Structure formats: C-alpha cells, structure tokens
Amino acid sequence: MVALAMEKGGVAKTTSAVNIAAALALKGKRVLLVDSDPQANATAACYSKELEGDLYTVYGEDELTAEALMNNVIVETEHGFHLLPSSRDLSGIEGEALLKDNPAYGLLLAKTLEPVRDLFEYIIIDSPPNLGTLTANALVAATDVMIPLQPEMHAVDGLGSLIDTISKVRVLNPYLNIAGIFLTMVERNSLHRDIEEDARSSLTEMGVKVFDTKIKRTIKFGQAADRGRPAVLEFPKHHSVRAYLDLVEEAFDV
Ligand code: ADP
Ligand code: MG
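How each quantity is defined
Residues numbered from 1 in each chain as written. Chains lettered and ligands numbered in written order. Predicted model: local features only at pLDDT ≥ 70, side-chain atom pairs only at ≥ 80, totals over all residues. Heavy atoms only, no water. Pairing = 2+ DSSP bridges. Helix = DSSP H or I, 4+ residues; strand = E, 2+ residues; numbered from the N terminus. Near = heavy atom within 4 Å. Polar contact = N/O pair within 3.5 Å; in protein donor to acceptor, adjacent residues only side chain to side chain. Areas by Shrake-Rupley, 256 points an atom, 1.4 Å probe, with all protein chains shown as cover. Buried < 20%, exposed > 50% of the residue type's maximum accessible area, 1.4 Å probe, protein only. Phe/Tyr/Trp six-rings, centres within 6.5 Å; stacked < 30°, edge-to-face > 60°. Lys NZ or Arg CZ within 6 Å of the ring centre and 35° of its normal. Contact = heavy atoms within 4.5 Å.

Engineer: In this structure, what is going on with the sheet that holds strand β7 (residues 177-183)? I would like to understand it.
Structural biologist: One open sheet holds the 7 strands; their spatial order is β3-β4-β2-β5-β1-β6-β7, and the pairing between them is mixed. Each edge of the open sheet carries a strand with a single partner, namely β3 (75-76) and β7. Direction of pairing for strand β1 (residues 2-4) relative to strand β5 (residues 122-126): parallel, over a ladder of 3 bridges. If you follow Leu-4 over to β5, its bridge partner there is Asp-126.

Written out as structure tokens, the structure reads:
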C-alpha cells in the first residue's frame, strides 16, 4: 500500500497517483486507487459517473465487510483499476479527527481499508497538499510512501516537515518505508539540471532513495486529466508520459 505525499500542492501527487495506478493495471496488477483528498481531483481524473458513496461515508468504519465496501463505495473505473472516490465532505475529517488530541485518529483510514487489503496487489493513496489528519492517516495505512519533488530552489529543504511527519507516524506504523523520491515536471534547462544534481546528492547523503526515473514537464498530463483519463492510457506513446511505466518498474520491480 503506497501513499503519495508532499506538503505542497501542485507537485503532481494526484497525476502520479492516477498514472501509477494505471501503469500498474497495464502490467496486469489488481489495483485500488484511494482518493484521500477532499479536492477529489483523482476521482475527477478517472471517473465521471454518479457515485453512491465515497471515502467520507466509510472513513474510520471498522465493521464493514470487503463485500460492503466493494458494492457500495469502491467503483470499477474504465482504466483497469478500482477507485475509492473522494468528495468535499472529506474535508470534515481534518476538523473532526484531531490527531493531536487522540493518536487513535491516525488509524481511521487503515481501519477502513483493512477488509480490502488482500483483494488488491497494490493500493495507491492520493493525499491532500498538507500534513494534516488525512495525510497522517494515509501514512499510517501505507507500507510505503513515494514523494514527488519539483526541481525548484530549496526544494529539498521543503521536504523537512514531511520527513518529520513520517518519523512521527512511525509510532503508529513502525515499518513505514520511504520507497523513494522522484522528480516531476522536470524541464530541459541548466537550472533544472543543477537543482536535480544537488537534490540527488543531498538526498542520497540523507539516506533517502531518489529514483533514476524522472517525469518531464508536458501538457499531456493536463490534457489527459481534462478528458477524464490517465495520461498513460490517453497518450500511450508519448515519451514523457511513458516515464510512469518506467517509474513503476523501478519502484515495484514489475
Ligand atoms: P497535486 O496533486 O500535487 O496538487 P497535480 O497532480 O494536481 O498536483 O498537478 C498539478 C498540475 O500540474 C495539474 O494541472 C497537472 O495536470 C499538472 N502536471 C502534473 N504533472 C505534470 C508534468 N509532468 N508536466 C506538466 N504538468 C504536470
Ligand atoms: Mg492533488
């Protein structure tokens, strides 16, 4: 179970979650994408039919069966993977479940997903652009976290609070593994080249893996999201889009 996390917005968490899910499905894996962001961008990017329920309606429920989840909230997308969709309501969780008041609030998502854990080979969780209750829950439920990083000045400094949060979450999830950081929205210019080189060396020094695969900047990701399809399916031959297939091969050895 892999969480995509990063404190900032607009760094390609959702794009990556959707395309990693689709890429794993293309490789024949049974995949569930969990949209744990109230903005519901991942839901919009891969499902357009009406929904009967969403993550909010089952958040923290620990008496649901796999069957109930599969029949009532989890939907099958047209892209070869399943989706546990989000809605605006989910923003209530940040307010309702204050982690600092009760650490058990960190276990809500893990509880929800427990019955379906074994039905999927990969569960990919998209999280919101902050380090609140929803992200903490994603990190507690996950076995691994993947972190998208945009090549910007001080990009690596910005990782500090995420790494702190990961350390705190290890109280509830001791084996949470940082699978690695991958660069996204990379442009071909000397500034990006320098930043990438610095980021790679300082992260490697910190003992954090940086994937060789990087995702270049291309309009194709936005276009695909507009059409409600993962880019790896909408533009299967586009070189920069195909990088997500390389990324899943590198990350999951599939
Ligand atoms: P987050 O979930 O971290 O907020 P998104 O995945 O929604 O980020 O991406 C933010 C915006 O950047 C979206 O409009 C998306 O289409 C676009 N985007 C994502 N990846 C790339 C890329 N490699 N090249 C260009 N645009 C991208
Ligand atoms: Mg997002």
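Engineer: Mind showing me how you'd approach the site of ligand 1 here?
Structural biologist: Around ligand 1, 14 residues are found, and the nearest of them are Gly-10, Lys-13, Thr-14, Thr-15 and Thr-218. Contacts to ligand 1 include Thr-15, whose side-chain N or O atom sits 2.6 Å from an oxygen atom. For ligand 1, whose accessible area on its own is 560 Å², the fraction buried by protein is 77%. Elements that contribute at least two residues to the shell around ligand 1 include exactly α1 (13-26) and α10 (220-226). The greatest single-element share of the shell around ligand 1, amounting to 3 residues, is contributed by α1.

Engineer: Which parts of the structure should I look at to understand the pairing of β5?
Structural biologist: Successive residues of a regular strand alternate their side chains across the two faces of the sheet. For β5, the tally of buried residues reaches 5 of 5 residues, placing the bulk of the element in the interior. Both faces of β5 are covered, namely the face carrying Tyr-122, Ile-124 and Asp-126 and the face carrying Ile-123 and Ile-125. Note that strand β2 (residues 31-35) and β5 share 5 bridges and pair parallel. Across the sheet, the residue bridging to Asp-35 is Asp-126, located in β5.

Engineer: What exactly am I supposed to notice about the pairing of β2 here?
Structural biologist: A large share of β2 lies buried, amounting to 5 of its 5 residues. Side chains Val-31, Leu-33 and Asp-35 of β2 all project onto a buried face; the interleaved residues Leu-32 and Val-34 project onto the opposite face, where all are buried too. Here 3 bridges tie β2 to strand β4 (residues 82-84), and the two strands are oriented parallel to one another. Residue Leu-32 lies in a different strand from β4, and its bridge partner there is His-82.

Engineer: Which parts of the structure should I look at to understand the packing of aromatic side chains?
Structural biologist: Two aromatic rings, taken as a pair, are described by how far apart their centres are and by the angle between their planes. Per the stated rule, a full pass over the model turns up 2 aromatic pairs. Judged by centre distance (5.5 Å) and plane angle (85°), the rings of Phe-221 and Tyr-244 are edge-to-face. A residue pair is termed long-range when its members are at least 10 positions apart, and Phe-221 in helix α10 and Tyr-244 in helix α12 (residues 239-252) qualify at 23 residues. One exposure class covers both Phe-221 and Tyr-244, and it is buried. Between the NZ or CZ atom of Lys-220 and the centre of the ring of Phe-235, over which it lies, the distance is 4.6 Å.

Engineer: I tried to follow the environment of Met-146 on my own but got confused; where do I start?
Structural biologist: Along the chain, the position of Met-146 falls in strand β6 (residues 144-149). In sequence terms Met-146 and Leu-64 are 82 residues apart; their C-alpha atoms lie 28 Å from each other. Look past the residues within four positions of Met-146 in its chain and what remains in contact with it is Val-2, Ala-3, Leu-4, Ala-5, Ile-20, Ala-179, Gly-180, Phe-182, Phe-211, Leu-247, Ala-251 and Phe-252.

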